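Secondary and tertiary structure notes
Chain by chain, the residues:
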Amino acid sequence: MDSLRSLSIFYLLLFAPMCCFSLNTNGDSLFPQFYDHSCPQAQQIVQSVVAEAVAREPRMAASLLRLQFHDCFVQGCDGSILLDSSKTIVSEKRSIPNRHSVRGFEVIDEIKSALEKECPETVSCADIVIIAARDSTVLAGGPSWEVPLGRRDSTTASVTGSNNNIPPPTSTFQSLLTKFNEQGLNMVDLVALSGSHSIGDARCTSFRQRLYNQTNNQPDPTLAPSYAAKLRTRCPRSGDDQNLFFLDITTPFQFDNSYYKNILVSYGLLNSDEVLFTQSQSSMELVKQYAENNELFFEQFTKSMIKLGNITPLTGTRGEIRKRCRKVNKQKDQ
């Protein structure tokens, strides 16, 4: 009996590491302490550079937060959005959702340069994007969370995936939910992650149709008329496409639940914001809950951000650790 018990314990210990650190596509092989020994200053370095960038330009917090969404929705969280075009790569920066819109690449470059000096070829660009998104949220007054780490960088990009996977600001609720479901995210994630629009800006071209031609050449009836009139002064029927407007007119640089409060009174800027309240009873109830309870919003936002960051990471020997975030290591033409 003792020998059988000893044998059982032996096999339990033998296979325990395999069960605890198994590699799959759901982020189970990621953990916050990944760089504790290989680059213990990694998160501190990222935080320092992000803090300086946001101090120079407060809008950068929203830009860095947005990078995580636009990276993870295409090929998973693999840093593919950072790659420039080359002979073999068509950059995702050229896609419709990203062109003239996604930014913050210079800050990622600055972080990577600092990390390469501290611990060369160790910290992935994919992980930098994830850490920077968390730090940006905190600097804007939002919640903090432990970031699972250990992603590796892709050697490919997908402009087609970017065009197809990232939901446009004109989306209906059902099309939004479908895009999120395709990434393994649910309705609660959709409503909570939309709260990232608590900070940042949107271009005139992103919501113009709501002002002039939502249906039958008429403005969107779910947009408050007084708010629409104010928006029209800087977003005409044609031209001025790149004019910027706060996504949250109440506290545009403060990460909080004002975004949801605005939606309740028809002050959601984008169609994809307001439909959370007007096209689904279930999401409407969540909007109300988050508008009433900032702590509840923060709690779910952190859970959903971790879930977002766990979308099909490259781990183990897959991918690489890029030396520069804009190009793969063996690129010949640059």
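Treat the numbers as computed from the prediction; the structure is a model and nothing was measured.

Basis of the calculations
- Counting restarts for each chain, with residues numbered from 1 along the sequence as it is written.
- Selection of residues for local features in this predicted model requires a pLDDT of at least 70, selection of side-chain atom pairs for listing and counting requires 80 or more, and totals for whole chains, interfaces and linings are taken over all residues.
- For side-chain calculations, the full set of non-hydrogen atoms in the structure is used, while hydrogens and water are omitted.
- The distinction between a cavity and a pocket rests on a 1 Å grid over the protein atoms alone: a 1.4 Å probe fits inside a cavity but cannot get out, while a pocket stays open yet meets protein on both sides within 12 Å along at least five of seven lines, and a residue with an atom within 4 Å of a point counts as lining.
- Grid points are joined across faces, edges and corners, and a volume is the space filled by probe spheres set on the points.
- Each helix is a run of H or I in the DSSP string that is no shorter than four residues. Each strand is a run of E no shorter than two, and both are numbered from the N terminus.
- Lys, Arg, Asp and Glu make up the charged group, whereas Ala, Val, Leu, Ile, Met, Phe, Trp, Tyr, Cys and Pro make up the nonpolar group; the residues left over, Gly among them, are polar.
- The working definition used for a salt bridge is a side-chain nitrogen of Lys or Arg within 4 Å of a carboxyl oxygen of Asp or Glu.
- Using a 1.4 Å probe on the protein chains alone, a residue whose accessible area is under 20% of its type maximum counts as buried, one over 50% counts as exposed, and one in between counts as partly exposed.
- Note on disulfides: each one is a pair of cysteine sulfur atoms within 2.5 Å.
- The criterion is simple. A nonpolar core is a set of buried Ala, Val, Leu, Ile, Met, Phe, Trp, Tyr and Cys residues joined through side-chain atoms within 4.5 Å.
- Residue contacts are counted whenever heavy atoms from the two residues lie within 4.5 Å of one another.

**Let's talk about the layout of surface pockets**
Size it by volume and the largest pocket reaches roughly 1100 Å³. For the lining of the largest pocket, the secondary-structure elements that each account for two or more residues are α3 (60-72), α7 (173-182), α8 (187-193), β1 (201-203), α9 (204-212) and α12 (271-278). With six residues, the single largest contributor to the lining of the largest pocket is α3. For the lining of the largest pocket, the per-class residue count stands at 21 nonpolar, 14 polar and seven charged. For the second largest pocket, the calculated volume is near 160 Å³.

**Here's the deal with the pattern of salt bridges**
Applying the stated criterion to the full structure yields 14 salt bridges. For the salt bridge of Arg-210 with Asp-220, the shortest nitrogen-to-oxygen distance reads 2.9 Å. A residue pair is termed long-range when its members are at least 10 positions apart, and Arg-210 in helix α9 and Asp-220 in the loop between α9 and α10 (225-232) qualify at 10 residues. Here Glu-285 makes a salt bridge to Lys-288, at a shortest N to O gap of 3.8 Å. In this pair, Glu-285 and Lys-288 both sit in helix α13 (residues 281-292), three residues apart, roughly one turn of the helix. By relative accessible area, which is 33% here, Glu-285 ends up partly exposed. Connected through salt bridges with shared partners, the residues Asp-84, Lys-93, Asp-109 and Arg-326 form a single ionic network.

**Observations concerning the state of the cysteines**
Applying the stated rule across the entire model yields four disulfides. What pairs with Cys-39 in a disulfide is Cys-119, and their sulfur atoms sit 1.8 Å apart. In this pair, Cys-39 sits in the loop between α1 (2-20) and α2 (42-56) while Cys-119 sits in the loop between α4 (105-118) and α5 (125-139), placing the two residues 80 residues apart along the sequence. Just as Cys-39 is buried, Cys-119 falls in that class too. Sulfur-sulfur distance for the disulfide between Cys-72 and Cys-77 comes to 2.0 Å.

**Some thoughts on unusual backbone geometry**
Although it is not a glycine, Asn-217 sits at a positive phi angle of roughly 65°. As for its placement among the helices and strands, Asn-217 is situated in the loop between α9 and α10.

**With respect to the nonpolar core**
Of all hydrophobic cores here, the largest spans 71 residues; its most connected members are Ile-108, Ile-111, Leu-115, Met-305 and Leu-308. Here this core takes eight residues from α3, the largest share from any one element. If near-sequence neighbours (up to four positions away) are discounted, Leu-308 is found in contact with Gln-68, Phe-69, Cys-72, Phe-73, Cys-77, Leu-185 and Leu-193. In terms of nonpolar packing, the next biggest core, distinct from the first, is built from 15 residues, Leu-223, Ala-228, Phe-245 and Leu-247 among them.

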